[in-house]
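Secondary and tertiary structure notes
One-letter residues, chain by chain:
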Amino acid sequence: GASGKKHYIVTLNIICMSYDFTTLCFIRFISGVIALILVLLLWKHRHSKGAIYLILFEISAAIWAFSDGFEAAAIFIPQKLLWAQIAYIGVTTSAVMFLMFALSYAGHTRLVNIKTFLILMVIPIITIVMAFTNTSHELLWSKIVIIEGTNQSVYYYGPWFWAHVTYEYSTL
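Figured I'd write up the structure that's included with this text. In this text, all values refer to a predicted model and were calculated from it rather than measured experimentally.

A few words now on the overall build of the protein. A tally of helices and strands in the protein yields 8 helices and 2 strands. Listing every helix and strand of the protein by position from the N terminus yields α-α-α-α-α-α-α-β-β-α. Counting only C-alpha atoms, the protein reaches 60 × 40 × 30 Å along its principal axes. For the protein, the residues scored as buried account for 39% of the 172 residues in total.

Structure representation (structure tokens):
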């Protein structure tokens, strides 16, 4: 009834008040939309050499871009942390997807198989788990603070972050 609708409006207002969308947020959202458009365009060519990995790369990029936009807009640390955790699904998988695309496109077919893919995904999967459990160990982010007078956040990195970054750059 009317009280249910009122509750929905109040909840929506509370959610919206937890975010401050800026031009940079919308630029990130546009990047995510472009990645999704590329997924749709690439889908027509999904049987081409390496196309499926390029599609997966664009999906990773879209997750990263949209989540990063919401993280940047979030006002409170719990929301920022949630969006950073979701972003890490895209952050950690994008390099592997791009490497698999490059290997496939370049004709290194003996390396493009499920075994290689699963081996390459070990560190990203561990990193995603680390992101979602970070509050209990702080190995990925040792501290997150919001810069006073803004909603911009600073992430202080733990030791796993550096292990992950080393892995990501080595795959590229």
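What follows covers the nonpolar core. Y53, V96, M100, F117, L120 and M121 are the most contacted members of the largest nonpolar core, which totals 15 residues. Sorting the residues of this core by element identifies α2 (23-43), α3 (51-73), α4 (77-105) and α5 (114-120) as the ones contributing at least two each. Ranked by the residues each element gives to this core, the list is headed by α4, at 6 residues. In this structure Y53 touches M97, M100, F101, V112 and F117, once residues within four positions along its chain are discounted. The next biggest cluster of nonpolar side chains, apart from the first, holds 13 residues, and it includes L81, V91, I144 and W160.

Let's shift gears to the side chain of S104. Relative to the assigned elements, S104 resides in helix α4. What S104 contacts, discounting residues up to four positions off in sequence, is K49, G50 and V112.

What counts, and at which threshold
Residues numbered from 1 in each chain as written. Predicted model: local features only at pLDDT ≥ 70, side-chain atom pairs only at ≥ 80, totals over all residues. Heavy atoms only, no water. Helix = DSSP H or I, 4+ residues; strand = E, 2+ residues; numbered from the N terminus. Buried < 20%, exposed > 50% of the residue type's maximum accessible area, 1.4 Å probe, protein only. Core = buried A, V, L, I, M, F, W, Y, C linked by side-chain atoms within 4.5 Å. Contact = heavy atoms within 4.5 Å.

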